[in-house]
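An overview of the molecular structure
Okay, here's what each chain looks like letter by letter:
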Amino acid sequence: MISSKIRLLVYFIILWISIGTSYSQVWHPVSSNITFKIKMLGAEVIGKMSGFQGAIHFDPEHLAQSSIYGSVEANTIDTDNSLRNRHLKEKEGFFEVVKYPTISMKSLKIEANGESFVGTFALTMKGITKNIRLPFSFINEGENAIFKGSTIINRRDWEVGGGTLGMSDNVDISIVLNVKK
């Protein structure tokens, strides 16, 4: 027979676990718009990626319990130029999508920044993981919400594009996620 003290202890542990995990709100991705811009010989090349999948536990009132994970399929890269797309997907030194099929981001820390937020994310591309800072906004509309963020990364940190002449090192990345509870 279990003593009343042990039973009480078990009750408080279960209560503590349920309270500790209830702060995080679970959001399910509905749609995404992931774009990038890079200069090539002075001209701007714009592209997009699709196939976003993610797990989003986010509550602006409880950032320490919040986490965001997302990934896209590397072979969905689209710059509206089939020859360039094939080059980006297949050429050694670029995305090599057969060898590296996904690009992923996982939050390490999320902080408030006035009315918006800044996340520190581990970005993994081509098997290389580097930390980035991604400022973003969160627009809560009841059962629906929108995350919007953008940042600039250095493509060389992930060994994308090698020493391609005329290609900028800086890549502007923009992410818009429509989510629901």
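All residue numbers refer to position in the chain's written sequence, counted from 1. The model is predicted, so local features are restricted to residues of pLDDT at least 70 and side-chain atom pairs to those at 80 or more, both for listing and for counting; the totals for chains, interfaces and linings are taken over all residues. The side-chain values count all of the structure's non-hydrogen atoms but skip hydrogen atoms and water molecules.

Things to note about the overall build of the chain
Applied cut-off: Strands are runs of DSSP state E lasting at least 2 residues, helices are runs of H or I lasting at least 4, and numbering of each runs from the N terminus. Whether two residues touch is decided by their heavy atoms; if any such pair falls within 4.5 Å, the residues are in contact. Accessibility throughout is a Shrake-Rupley quantity obtained with a 1.4 Å probe, and a residue counts as covered only by protein chains that appear here.
A tally of regular secondary structure across the chain gives two helices and nine strands. Going from N to C terminus, the chain has its helices and strands arranged as α-β-β-β-β-α-β-β-β-β-β. Restricting the contact set of the chain to residue pairs at least 6 apart, pairs at least 24 apart contribute 54%. Put simply, the chain shows about 11,100 Å² of open surface, and 56% of that area lies on carbon and sulfur atoms.

So, the pairing of strand S8 (residues 144–154)
Short version of the rule: By this definition, two strands are paired if DSSP reports at least two bridges between them.
Strand direction decides the pairing type here: strand S7 (residues 128–141) and S8, joined by six bridges, are antiparallel. Opposite Phe 138, over in S8, you have Phe 147 as the bridge partner. Taken together, S7 and the strand that follows it, S8, pair antiparallel across an intervening segment of two residues, in which Gly 142 is found at a positive phi of about 80°. Judged from the 11 bridges that link them, S8 and strand S9 (residues 170–180) form a sheet pairing that is antiparallel. When the sheet's bridge partners are listed, Asn 144 is paired in S9 with Lys 180.

Details of the pairing of strand S1 (residues 26–40)
Within a regular strand, the side chains alternate between the two sheet faces. Pairing of S1 with strand S3 (residues 53–57) involves two bridges; the strand directions are antiparallel. By the bridge assignment for S3, Val 26 is matched with His 57. Sheet topology places S1 next to S9; nine bridges connect them, and they run antiparallel. The partner of Phe 36 across the bridge, within S9, is Ile 173. In this structure, S1 lies alongside strand S2 (residues 43–49), joined through seven bridges in antiparallel fashion. Pairing of Thr 35 across the sheet is with Lys 48, part of S2.

Some details on the confidence of the model for the chain
The criterion, for reference: One confidence number per residue, pLDDT, is output by the predictor and ranges from 0 to 100.
Of all residues in the chain, 87% attain a pLDDT of 70 or more, and the chain-wide mean is 90. Low pLDDT, under 50, characterises residues 15–21; the stretch is placed with one contact to residues that sit more than four places away or in other chains.

Remarks on unusual backbone geometry
In this structure, Asp 80 is a non-glycine residue whose phi angle is positive, near 65°. Mapped onto the fold, Asp 80 is located in the loop between strand S4 (67–73) and helix H2 (82–90). At Glu 159, a position not held by glycine, the phi torsion is positive, near 55°. Along the chain, Glu 159 turns up in the loop between S8 and S9.

What about the nonpolar core?
Rule in force here: Take the buried Ala, Val, Leu, Ile, Met, Phe, Trp, Tyr and Cys residues and link them wherever side-chain atoms come within 4.5 Å; each set so joined is a nonpolar core. Classification of residues uses two cut-offs on accessible area relative to the type maximum, computed with a 1.4 Å probe and protein chains only: under 20% is buried, over 50% is exposed, and between them is partly exposed.
Counting residues in each nonpolar core, the largest one holds 41 residues, and the members touching the most others are Phe 58 and Phe 147. For this core, the secondary structure elements donating two or more residues are S1, S2, S4, strand S5 (102–113), strand S6 (116–125), S7, S8 and S9. Ignoring anything within four residues of it in the chain, the contact list for Phe 147 reads Ile 56, Phe 58, Ile 68, Phe 136, Ser 137, Phe 138, Ile 175, Val 176, Leu 177 and Val 179.

A closer look at the environment of Asn 75
One can find Asn 75 in the loop between S4 and H2. When its relative accessible area of 43% is taken as the criterion, Asn 75 is described as partly exposed. Here the alpha-carbon distance between Asn 75 and Lys 89, two residues 14 residues apart in the chain, equals 6.2 Å. Those residues in contact with Asn 75 that lie beyond four places of it in its chain are Lys 89, Val 97 and Pro 101.

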